Amino acid sequence: DFSWKLPDHPKLPKGKTVAVVVLDGWGEANPDEYNCIHVAQTPTMDSLKKGAPEKWRLVRAHGKAVGLPTEDDMGNSEVGHNALGAGRIFAQGAKLVDLALASGKIYEGEGFKYIKESFDQGTLHLIGLLSDGGVHSRLDQLQLLLKGCSENGAKRIRVHILTDGRDVLDGSSVGFVETLENDLAQLRAKGVDAQIASGGGRMNVTMDRYENDWGVVKRGWDAQVLGEAPHKFRSALEAVKKLREEPKANDQYLPPFVIVDESGKAVGPIVDGDAVVTFNFRADRMVMIAKALEYQDFDKFDRVRVPKIRYAGMLQYDGELKLPNHYLVSPPEIERTSGEYLVHNGVRTFACSETVKFGHVTFFWNGNRSGYFNPSMEEYVEIPSDSGITFNVQPKMKALEIAEKTRDAILSRKFDQVRVNLPNGDMVGHTGDIEATVVACKAADEAVKMILDAIEQVGGIYVVTADHGNAEDMVKRNKSGQPLLDKDGKIQILTSHTLQPVPIAIGGPGLASGVRFRKDVPDGGLANVAATVMNLHGFEAPSDYETTLIEVVDN
Ligand code: 3PG
Ligand code: CO
């Protein structure tokens, strides 16, 4: 019979304060000038590394170790925090969509049948990230979906693209648009009226997260639904090429544009009777647009015109909110997460980050579930992020504020676990600004120090790790690891995450003597961390969790 009660650990005590610190975008790579973590002064993380191999090691944070389709898939925060919190490896959105498309089951599901009802009279709109990054969406999935929808009766299709440059190289948008335009031309040759209707850079248009800036979603709404934008072009390829000519233009931040016909009229506003699919599988940056498309009552911005549409997500983005109500592929069912177990076993929990990563240590950590398991046992604190800036301008972000709040939570002795995400390495790494990323890494290291000092004061334990790589490698490399140059001889900046492993360190005065990393889990990954943390709270992990990374030797 199922029980939430965890068995006592045979050797480890309960009642220690455990700090779980996740450095976002902090992988381990060879030291060179493009490794910002190496270049930055990071005395705290350096000192933890000296504890290897007993108190410091590397764990896998990409590919199959976190439920992604292949070993070529870089890690990301969604799958990373899911694995950290759930203690098991679940096939993730990218993989589930692959399977549903390959088997054709996607076209038999409730979600597809629902949108299909609009195909006779209305237009099918596909909105999402045009990229092969595999973090939020994949171009090949969009291509298959376009083909499948037209074979299943869609006669008029409009694609609303969001350019990437964050999970893929800046400038790659042009090639992706060319590929998509080719596909749409082929559909047109078969009699399907298919076109790109609008676009914009993902960080400027539509893909905000955790309600950091509704203006982003509004800009998308205006272009996609109302057919209004400051820039109008006859084709998307022209749009992207022209907009990229602006000084400092960048795929992530392209302004919104609409495609117009010869009379200057938008070719694809969303109107009554249409169907809409948001084709990203990842949730965090789709929740806000999903609310705008689905909710009757909505006051985040003036939608001006609210078309009566049939809307489905590629996945359901929030299971609690049932958002959206209709979806093409069922999301992974991540249940019995470590957070839920620990709360059932009396572990009082504090979680904190700033807005742009807040849902990572709450929503993703708890298996894509928002809210508390037990409000009397938990406190989640969100520090407001600066909005409307790129984080290379403020590379320290709110690291100090997060560390202070966490320190105070530790010293209050009101919590058994404090869990934080320090965003700097990732958020600044994504800007591709190497100098700023160095500053970011130093700030994150200082935040770790403040948290470890507080743990020292209360006799607690720390676990310091990361969700995936980013700041440790800022350049695109060839197979033998040499930096790649572009046609002007400049290095190709890598804004994306990496395939690198991440560190994990344990320690603190509360760590029982004899605790060390086992040697027999060499392939350990992020999913092994939950059992490890449960042990440090004095419990054994459930038997179906990935095994613990630690052992206790008698001394
Ligand atoms: C983003 O959404 O910012 C990037 O695509 C992925 O970054 P994250 O996985 O670190 O959030
Ligand atoms: Co990132």
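**Remarks on the layout of surface pockets**
In step 1: Reported here for the largest pocket is a volume of approximately 790 Å³.
In step 2: Along the wall of the largest pocket there are 26 residues; nearest its centre are Lys-476, Leu-494, Ser-496, His-497 and Leu-499.
In step 3: A domain-level breakdown of the lining of the largest pocket finds at least three residues from each of domain 1 (18–91 + 334–473 + 497–552) and domain 2 (94–329).
In step 4: The computed volume of the second largest pocket comes to approximately 520 Å³.
In step 5: Together, 16 residues line the second largest pocket, and Asp-170, Arg-244, Asp-486, Lys-490 and Ile-491 are the ones closest to its centre.
In step 6: Split into classes, the residues belonging to the lining of the second largest pocket amount to three nonpolar, seven polar and six charged.
In step 7: Each of domain 1 (18–91 + 334–473 + 497–552) and domain 2 (94–329) gives at least three residues to the lining of the second largest pocket.

**A closer look at unusual backbone geometry**
In step 1: Residues Ala-52 and Pro-53 are joined by a peptide bond in cis, for which omega reads 0°.
In step 2: Note on placement: Pro-53 falls in the loop between helix H2 (43–49) and strand E2 (56–59).
In step 3: For the bond from Leu-323 to Pro-324, the omega torsion is -15°, close enough to zero to count as cis.
In step 4: A positive phi angle, close to 75°, is found at Thr-206, a residue other than glycine.
In step 5: Among the structural elements, Thr-206 can be located in the loop between strand E5 (193–201) and helix H8 (214–226).
In step 6: Phi at Arg-413 is positive, roughly 60°, even though this residue is not glycine.
In step 7: Take Arg-413: it is sitting in the loop between helix H13 (399–411) and strand E13 (417–422).
In step 8: Judged by relative accessible area, which is 51%, Arg-413 ranks as exposed.

**Digging into the site of ligand 1**
In step 1: Around ligand 1, the surrounding shell holds 17 residues, and the nearest of these are Ser-77, His-136, Arg-166, Asp-167 and Arg-285.
In step 2: Within the side chain of Arg-166, an N or O atom sits 2.8 Å from an oxygen atom of ligand 1.
In step 3: Between ligand 1 and His-468 there is a distance of 3.1 Å, counted from an oxygen atom to a side-chain nitrogen or oxygen.
In step 4: In isolation ligand 1 has 310 Å² of accessible area, and contact with the protein removes 100% of it.
In step 5: If you map ligand 1 onto the pockets, it falls in the largest cavity.
In step 6: Its residues assigned to classes, the shell around ligand 1 shows one nonpolar, seven polar and nine charged.
In step 7: Residues lining the shell around ligand 1 come from more than one domain, with at least three contributed by each of domain 1 (18–91 + 334–473 + 497–552) and domain 2 (94–329).

**Digging into the packing of aromatic side chains**
The geometry of an aromatic ring pair comes down to the distance between the two centres and the angle between the two planes.
In step 1: Scanning the model with the defined rule gives 14 aromatic pairs in all.
In step 2: Measuring from centroid to centroid gives 6.3 Å for Phe-233 and Phe-257, while their planes differ by 85°, and the two rings are edge-to-face. With Phe-233 in strand E6 (residues 231–233) and Phe-257 in strand E7 (residues 257–259), this pair connects stretches of sequence that are 24 residues apart. Accessibility assignment for this pair places Phe-233 and Phe-257 in one class, buried.
In step 3: Seen in terms of ring centroids, Phe-298 and Phe-301 are 5.1 Å apart; in terms of plane orientation they differ by 80°. Their pairing is edge-to-face.
In step 4: Judged by its relative accessible area of 16%, Phe-298 falls in the buried class.
In step 5: Judged by relative accessible area, which is 10%, Phe-301 ranks as buried.
In step 6: These aromatic residues form a ring-pair network of at least three members: Phe-2, Trp-4, Tyr-341 and Tyr-545.
In step 7: Over the aromatic face of Phe-539 sits the side chain of Lys-14, whose NZ or CZ is 4.6 Å from the ring centroid.

The rules we used
- Residues numbered from 1 in each chain as written.
- Chains lettered and ligands numbered in written order.
- Predicted model: local features only at pLDDT ≥ 70, side-chain atom pairs only at ≥ 80, totals over all residues.
- Heavy atoms only, no water.
- 1 Å grid on protein atoms, 1.4 Å probe; cavity = no way out; pocket = protein on both sides within 12 Å on 5 of 7 lines; lining within 4 Å.
- Points joined across faces, edges and corners; volume = space filled by probe spheres on them.
- Domains from an automatic or database assignment.
- Nonpolar A, V, L, I, M, F, W, Y, C, P; charged D, E, K, R; others polar.
- Helix = DSSP H or I, 4+ residues; strand = E, 2+ residues; numbered from the N terminus.
- Buried < 20%, exposed > 50% of the residue type's maximum accessible area, 1.4 Å probe, protein only.
- Near = heavy atom within 4 Å.
- Polar contact = N/O pair within 3.5 Å; in protein donor to acceptor, adjacent residues only side chain to side chain.
- Areas by Shrake-Rupley, 256 points an atom, 1.4 Å probe, with all protein chains shown as cover.
- Sits in = over half its atoms within 2 Å of the grid points.
- Phe/Tyr/Trp six-rings, centres within 6.5 Å; stacked < 30°, edge-to-face > 60°.
- Lys NZ or Arg CZ within 6 Å of the ring centre and 35° of its normal.

So yeah, pure geometry; function would need other evidence.
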